[in-house]
Amino acid sequence: MDVLDRFRLDGRTALITGGSRGLGRAMAQALAEAGADLILVGREADSLKTARVELAALGRRVEVVVGDVGTPDGAEAACDSALKLGRAVDVLVNNVGGRRLDLPTEDIPLADWQKLIDLNLTSALVCCQKIGKGMLDRRRGAVVNITSIAGPIAIKGIRGRHYETAKAALTALTKALAADWADRGVRVNAIAPGVFLTAPNRRWFGEKQAFRQSFEAHIPLGRFGDPDEVGPAVVFLAGDASSYITGTTIVVDGGFTLW
């Protein structure tokens, strides 16, 4: 097999949570360009419809599932809907997450803490349980969890440490599942993105120019990432090019965590 053929995903199906916007949409694009058919899960029917039309133009089969995987019940329901499509899922990308609450840790109401832990951690666990069982039965599959550079470090100038806590735990879950599932043919890895200029981040940084300048100055490459720069990493971890890699995290951050 030619080395570039190892990056091809023809004949495989990838499920991406939050796959119609932001980094999820960019990863869906990359997976489709590598040959994968797609199942996109998201909360907004309109954005899912738009993504489906755009990605189907690449010649791929694209299905969409409307659901909120940010809650355990929602994640279970969305996965059940995806499984009812009758397609074997070869690649699972757990992308949904977010900080969403900028409060000092000592002031975060416990109910909000639990809700955000569910968003960033429990949802991925549920999706791994529901979709991973089929992979284990077939003794083949790849899971890619989207963690964050906020897992191993605390981001200066931002509050809401539920995010760091959950992403660190998601990294640990990645390693634990990799260890448990390796002998059954399923690899589990993670990608830890830095800051990418998705639409929400553009708006947020637009309101916090001083913070943007400070944050950007800390990045050795001198700039934030473009969403399509995370796509190659997910293609690598999804396919045979990474066949001997499991339990690892690829950091895609422009060097932010070097300092």
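This text goes with the structure placed above it.
Computed from a prediction, not measured in an experiment: that's the story for all the values here.

## Some thoughts on the overall build of the chain
- Secondary structure assignment for the chain yields eight helices and seven strands.
- Computed over C-alpha atoms, the radius of gyration of the chain comes to 18 Å, within 12% of the 18 Å expected from 2.2 N^0.38 for 259 residues, which places it in the range of a compact globule.
- The principal-axis extents of the C-alpha atoms in the chain amount to approximately 45 × 40 × 40 Å.
- The buried share of the chain, reckoned over its 259 residues, is 51%.
- For the chain, long-range pairs separated by at least 24 residues make up 74% of all intrachain contacts whose partners lie at least 6 apart in sequence.
- Accessible surface, the chain: about 12100 Å² in total, of which carbon and sulfur atoms supply 53%.
- Charge-centre separation for the chain: the mean point of 32 positive side chains lies 1 Å from the mean point of 30 negative side chains.

## Examining the sheet that holds strand S5 (residues 141-146)
- Judged by pairing direction, the sheet is parallel, and its seven strands sit side by side in the order S3-S2-S1-S4-S5-S6-S7 without closing on themselves. The open sheet has two free edges, formed respectively by strand S3 (62-66) and strand S7 (249-252), since each of these has just one partner strand. In this sheet, adjacent strand axes meet at a mean angle of 15 degrees when their direction is disregarded.
- In this sheet, strand S6 (residues 186-193) lies alongside S5 in parallel orientation, the contact comprising six bridges. Across the sheet, the residue bridging to Ile146 is Ile191, located in S6.
- Helix-sheet contacts for helix H3 (residues 72-83) involve strand S1 (13-17), strand S2 (37-42) and S3, and the interaxial angle to S3 is about 150 degrees.
- Helix-sheet contacts for helix H5 (residues 162-181) involve S5, S6 and S7, and the interaxial angle to S6 is about 160 degrees.

## Here's the deal with the packing of aromatic side chains
- Evaluation of the coordinates by the stated rule reveals four aromatic pairs.
- Between Phe211 and Phe215, the ring centres sit 5.7 Å apart and the planes meet at 55 degrees, which makes this aromatic pair tilted. Of this pair, Phe211 and Phe215 both sit in helix H7 (residues 209-217), separated by four residues, roughly a single helical turn.
- Phe211 sits in the buried class, given a relative accessible area of 17%.
- Judged by relative accessible area, Phe215 falls into the buried class, the value being 7%.
- Three or more aromatic residues joined by ring pairs form one cluster here, namely Phe211, Phe215, Phe224 and Phe256.

What counts as what
- Residues numbered from 1 in each chain as written.
- Predicted model: local features only at pLDDT ≥ 70, side-chain atom pairs only at ≥ 80, totals over all residues.
- Heavy atoms only, no water.
- Helix = DSSP H or I, 4+ residues; strand = E, 2+ residues; numbered from the N terminus.
- Rg over C-alpha atoms; globule rule 2.2 N^0.38 Å.
- Buried < 20%, exposed > 50% of the residue type's maximum accessible area, 1.4 Å probe, protein only.
- Contact = heavy atoms within 4.5 Å.
- Areas by Shrake-Rupley, 256 points an atom, 1.4 Å probe, with all protein chains shown as cover.
- Lys, Arg positive; Asp, Glu negative; His and termini not counted.
- Charge placed at Lys NZ, Arg CZ, Asp CG, Glu CD.
- Pairing = 2+ DSSP bridges.
- Axes fitted to C-alpha atoms, helices over the stretch in contact; angles between N-to-C directions.
- Phe/Tyr/Trp six-rings, centres within 6.5 Å; stacked < 30°, edge-to-face > 60°.

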